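Coordinates in review
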Amino acid sequence: EVCVEPSSPQRLSQYACQRRTTTINHNKIFTDAFEVLIEHAEFNENEGRCLAFMRATSVLKSLSGAVRCLWDLEGLPCLGDQTKAVMEDILECGKSSKVQEILSDDKYQALKLFTSVFGVGRKTAEKWYRKGYRTFEEVLADSSISLNKMQKAGFLYYNDILKGLNRAEADVLSQIIEKTVHTIVPDAIVTLTGGFRRGKEYGHDVDFILTTPEQGKQEGLLGCVINKLRYQGILLYHDHQQSTFDFKKLPSWKFEAMDHYEKCFLVLKLKSDLVEVDTRRDDAAERDWRAVRVDLVAPPISHFAFALLGWTGSRQFERDLRRFARHERKMLLDNHALYDKTKKVCLSAKTEEEIFAHLGLEYIAPWERNA
Ligand code: CTP
Ligand code: MN
Ligand code: MN
Ligand code: MN
C-alpha cells in the first residue's frame, strides 16, 4: 500500500515561524490526543515532555494532508519515538491507550475541571485536589477557601465564559470597543489581535491592541475605557494592570514572562440579537446578554509592531519565533523589542513585515500562524 503524501521538495523546518499553518488541521485525530498529553505533562510540571508534544502537534498542524501511516512521517522534524508510538496506537486502534488512561485519571479530571475556571491556575487546582475536592460544589462549600476577585468572576460567569465567542460575536464586540475608545481619543487605533486575527472561527476571548498616532497619548486610555464601559452598564469584571514598560530594557529571555504594557483583562456583557444565551441557566429567561472575556493592551505607537506580533500568537508560533531569533540569529525578541546581540543594538520596526525582515525570515501572514 502506497500511503506517502506527495511530499514537498523542501524539508519542513523545525521552527513554526518557518512554516505556514492555517486553521485547517488535517490531523486533528492526532493533535487532540497530543493536547491531552501536553496538559497532563503540564500538570506534572514535565517541561521536556510538554515541549516535545507541543512541537510535534505544531508540525502535524502544518501538514497539507492527513497522516495515514508511519511512513508519512519520514523526514518530518520534531517527531520522536514517544510521539510516533502514540500515533501508531491511533493508526492501529483509532485511539491511544496512554491518552485513554489519562482521560480516566482522577487527578487529571479534577485539575482539568478546576483550571477551566477563569483565574484558577495549576497551583490552586492542585491545592484543591489535595484537599480531596473533585467538584465545584465541594470547593465552594469550604468556607476556609477564599476566592480572589478573578476566581469569583470565574465561578459566577463559568458557563458563559466556557462557551467563548464566535466570529460574528467578536465583530459585535469590536464595534463596541472601537466606539468606546473613539469617544475618548477620536484617532486612536483599535486592532483586533489574538486568535481572531489568525482567522479562527471561535475564541475563548477577544484580544485588542489600542494605541494612538501621537506617541504617549495612549497613557491613561485604558482607565478611561474601563470607566466608559462601566457607565454603559456592560462591565462585569476588570483587572487593570499599569504599565511597567522601560524603553531602555533589553528583551526578556523568558517566554512566559508577561509583557510590560498597560493592559486589562475584562469580563463584559455582550448584548445582541446574535448572542445565544445558555437557556439551561435559571436566569437565562430574564437576560438578553452573555458574559464574555476581553483583553485590551495599550503599547506606545513606537512599539506597536512588536506588541501586535506578540499578541497575535499562536503561543507556539511565538515560542519558535523567539527560539529562532536566539539560536539562529543571536537576537533576543519579545513583545517589546528585538535586540541584536552581535551588533549590540535594538532593531526598531513599524510593521510586522520589518520584524520578519530583521530576522531574515519570510513573512508569514497572521492566518498562517496557527502553529
Ligand atoms: N499574550 C501575551 N501576554 C499575555 C497574554 C497573552 O503575550 N499576558 C499573547 C499570547 O502569547 C498569545 C496571544 O497573546 O499568543 C493571545 O492570547 P490568548 O488570548 O490567550 O490566545 P488566542 O491565541 O487568542 O486563543 P483563544 O482563541 O483561545 O483566545
Ligand atoms: Mn484570545
Ligand atoms: Mn487561549
Ligand atoms: Mn487573550
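Here, every reference points to the structure presented above.
The following paragraphs examine the structure supplied in this document. Only a predicted model underlies this, so the values are computations on that prediction, with no experimental measurement involved.

Here we take up the pairing of strand 7 (residues 289-298). Strand 7 sits mainly inside the fold: 10 of its 10 residues count as buried. On strand 7, burial covers both faces: Trp289, Ala291, Arg293, Asp295 and Val297 on one face and Arg290, Val292, Val294, Leu296 and Ala298 on the other are all buried. Pairing geometry for strand 4 (residues 206-211) and strand 7, over four bridges, is parallel. Bridging across to strand 7, isoleucine 209 finds its partner in valine 297. Where strand 6 (residues 262-271) lies against strand 7, 10 bridges are found, and the strand directions are antiparallel. Counted as the bridge partner of leucine 266 is valine 294 from strand 7.

The mixed open sheet is built from five strands, whose spatial order is 2-4-7-6-5. The open sheet has two free edges, formed respectively by strand 2 (189-193) and strand 5 (235-241), since each of these has just one partner strand. Neighbouring strand axes in the sheet, compared pairwise and without regard to direction, differ in orientation by 25° on average. Bridge count between strand 2 and strand 4: five bridges; the pairing is antiparallel. Counterpart to threonine 193 in the pairing with strand 4 is aspartate 207. Contacts between helix 10 (residues 167-184) and the sheet are confined to strand 2, strand 4, strand 6 and strand 7, with strand 4 contributing the most and set at about 25° to the helix. Where helix 13 (residues 304-312) meets the sheet, it contacts strand 2, strand 4, strand 6 and strand 7, and its direction lies at approximately 175° from that of strand 4.

In this section: the site of ligand 1. Around ligand 1, the surrounding shell holds 16 residues, and the nearest of these are Gly195, Lys200, His204, Asp205 and Met258. Contact distances for ligand 1 include 2.6 Å between an oxygen atom and a side-chain N or O atom of histidine 204. Aspartate 205 is positioned with one of its side-chain polar atoms (N or O) 2.7 Å from an oxygen atom of ligand 1. If ligand 1 stood free it would expose 590 Å²; the protein chains cover 84% of that surface. Mapped by element, the contributors of at least two residues to the shell around ligand 1 are helix 11 (194-197), helix 13 and helix 14 (315-329). Of the residues contributing to the shell around ligand 1, the split by class is two nonpolar, eight polar and six charged.

Moving on to the coordination of the manganese ion (ligand 4). Of the protein atoms, only Asp205 (OD), Asp207 (OD) and Asp295 (OD) coordinate the manganese ion (ligand 4), at distances of 2.1 to 2.2 Å. Look at where the donors of the manganese ion (ligand 4) fall in the sequence and you get D-x1-D-x87-D. Separating the manganese ion (ligand 4) from the manganese ion (ligand 2) is a gap of 3.6 Å, which aspartate 205 spans by donating to each of them. Residue aspartate 205 is located in the loop between strand 3 (202-203) and strand 4, and its partner aspartate 295 is located in strand 7; the two are separated by 90 residues in the primary sequence.

What the three strands build is an open sheet, ordered 8-9-10; its pairing is antiparallel. Edge positions in the open sheet fall to strand 8 (331-333) and strand 10 (345-347), since each of these has one partner strand only. Neighbour to neighbour, the strand axes of the sheet diverge by 25° on average, direction disregarded. Looking at chain direction, strand 8 and strand 9 (residues 338-340) are connected through three bridges and run antiparallel.

Scoring rules and cut-offs
- Here the residue numbering is sequential within each chain, running from 1 through the sequence in written order.
- Here the convention is simple: chains get letters from A, ligands get numbers from 1, in the order in which they are written.
- Two thresholds apply to this predicted model, a pLDDT of at least 70 for residue-level local features and 80 or more for giving and counting side-chain atom pairs, whereas whole-chain, interface and lining totals are computed over all residues.
- The side-chain values count all of the structure's non-hydrogen atoms but skip hydrogen atoms and water molecules.
- Relative accessible area decides the class of each residue, using a 1.4 Å probe on protein chains only: under 20% of the type maximum gives buried, over 50% gives exposed, and in between gives partly exposed.
- Only DSSP runs of H or I with at least four residues qualify as helices, and only runs of E with at least two residues qualify as strands; both kinds are numbered from the N terminus onward.
- Only when DSSP finds a minimum of two bridges between them are two strands counted as paired.
- Angular values range over 0 to 180 degrees, each being the angle between N-to-C directions of two axes fitted as lines to C-alpha atoms, with helices fitted over their stretch in contact.
- We call two residues contacting when some pair of their heavy atoms lies within 4.5 Å.
- Nearness of a residue to a molecule or strand requires only that one of the residue's heavy atoms be within 4 Å of it.
- Polar contact criterion, stated in full: a pair of N or O atoms within 3.5 Å, where within protein one must be able to donate a hydrogen and the other to accept it, and residues adjacent in sequence count only if both atoms are side-chain atoms.
- Only the protein chains shown count as cover for residues, with accessible areas throughout obtained via the Shrake-Rupley method and a probe of 1.4 Å.
- For this classification, the nonpolar set comprises Ala, Val, Leu, Ile, Met, Phe, Trp, Tyr, Cys and Pro, the charged set comprises Asp, Glu, Lys and Arg, and every other residue, Gly included, is treated as polar.
- Coordinating donors are taken as N, O and S atoms within 2.8 Å of the metal, stretched to 3.2 Å for Na, K and Ca; because water is absent from the atoms, sites can appear incomplete.

These results come straight from atomic positions and should not be treated as a statement about function.
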